[in-house]
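Listed below are the residues making up each chain.
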Amino acid sequence: MMKVAAALALVASASAFVPATNMVASTRLNAEMVWGEYDDKMWDNDAKKEVYAKWDPTAPRTGLNFNPFETFGGNSPDASGIYPGENRYKDPKRGDVSYAIMLIEKAEIEERIANPKAGEEPGCPGCKN
């Protein structure tokens, strides 16, 4: 009786090593992933302004259509619109920063906030938030 039970346990455990028959390899994410125009290039304020000028808030958010100045959880996106902690995030190549440059960027930020693009509102298709 003990030999029969051991044989049944051995046969039952062997099925754990057999591949599932309903597994499907998904390549959908790879096909949809579009890297940003400045991927692996300098991701400075001038590059962000160019991406922002092309951004359409009413179109779906992609690696080529995103707001580079939008923050999510206190973080800024990389050159493809991906945030730290998300899959495929790449630490961008950043430009020089000085206090004088930061003051100029601050004035630009205030101008952008005062004059948002048409359709730019929380929850629009081109926004993360």
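Residues numbered from 1 in each chain as written. Predicted model: local features only at pLDDT ≥ 70, side-chain atom pairs only at ≥ 80, totals over all residues. Heavy atoms only, no water.

Colleague: Help me understand the overall build of the protein, please; the structure alone is not making it clear to me.
Modeller: Secondary structure assignment for the protein yields 4 helices and 0 strands. Each helix and strand of the protein, placed in order from N terminus to C terminus, yields the pattern α-α-α-α. Taken over 129 residues, the protein has a buried fraction of 22%. Accessible surface, the protein as shown: approximately 9,300 Å² in total, 61% of it carbon and sulfur. (Helix = DSSP H or I, 4+ residues; strand = E, 2+ residues; numbered from the N terminus. Buried < 20%, exposed > 50% of the residue type's maximum accessible area, 1.4 Å probe, protein only. Areas by Shrake-Rupley, 256 points an atom, 1.4 Å probe, with all protein chains shown as cover.)

Colleague: So what exactly am I meant to see when it comes to helix H3 (residues 45-54) here?
Modeller: Working note: α-helix, 3.6 residues per turn, so residues spaced by three or four point in the same direction. The complete set of buried residues in H3 reads Asn45, Ala47, Lys48, Val51 and Tyr52. For H3, the angular spread of the buried residues around the axis is 155°, confining them to a single face. When the buried face of H3 is taken as reference, the exposed residues oriented beyond 90 degrees from it are Ala53 and Lys54. Buried positions along H3 lie against helix H4 (99-114). (Arc of directions from axis to C-beta. Contact = heavy atoms within 4.5 Å.)

Colleague: What is the right way to read the nonpolar core from this model?
Modeller: Here is a general trend for soluble globular proteins: nonpolar side chains tend to be buried in one another's company. Listed in full, the 6 residues of the largest apolar core are Tyr38, Trp43, Ala47, Val51, Phe66 and Ala79. Aside from chain neighbours lying at most four places away, what touches Phe66 is Trp43, Val51, Trp55, Arg61, Pro77, Asp78, Ala79, Ser80, Gly81 and Gly126. (Core = buried A, V, L, I, M, F, W, Y, C linked by side-chain atoms within 4.5 Å.)

Colleague: I tried to follow the pattern of salt bridges on my own but got confused; where do I start?
Modeller: Opposite charge on two side chains lets them pair, provided their charged atoms get close. In total, this model carries 8 salt bridges according to the counting rule given. Of the charged contacts in the structure, one is a salt bridge between Lys54 and Glu37, with a shortest N-O distance of 2.8 Å. Note that Lys54 is positioned in helix H3 and Glu37 in the loop between helix H2 (28-32) and H3, a separation of 17 residues in sequence. Taking the relative accessible area as the measure of exposure, Glu37 reaches 35% and is therefore partly exposed. Of the charged contacts, one joins Asp39 and Lys90 as a salt bridge, the two residues approaching to 2.9 Å between their closest N and O atoms. Taken together, the positions of Asp39 in the loop between H2 and H3 and Lys90 in the loop between H3 and H4 put the pair 51 residues apart, joining distant regions of the chain. We classify Asp39 as buried; its relative accessible area is 16%. Residue class for Lys90 comes out partly exposed when judged on its relative accessible area of 28%. Within this structure, Asp39, Asp40 and Lys90 form a network of salt bridges that share partners. (Salt bridge = Lys/Arg side-chain N within 4 Å of Asp/Glu carboxyl O.)

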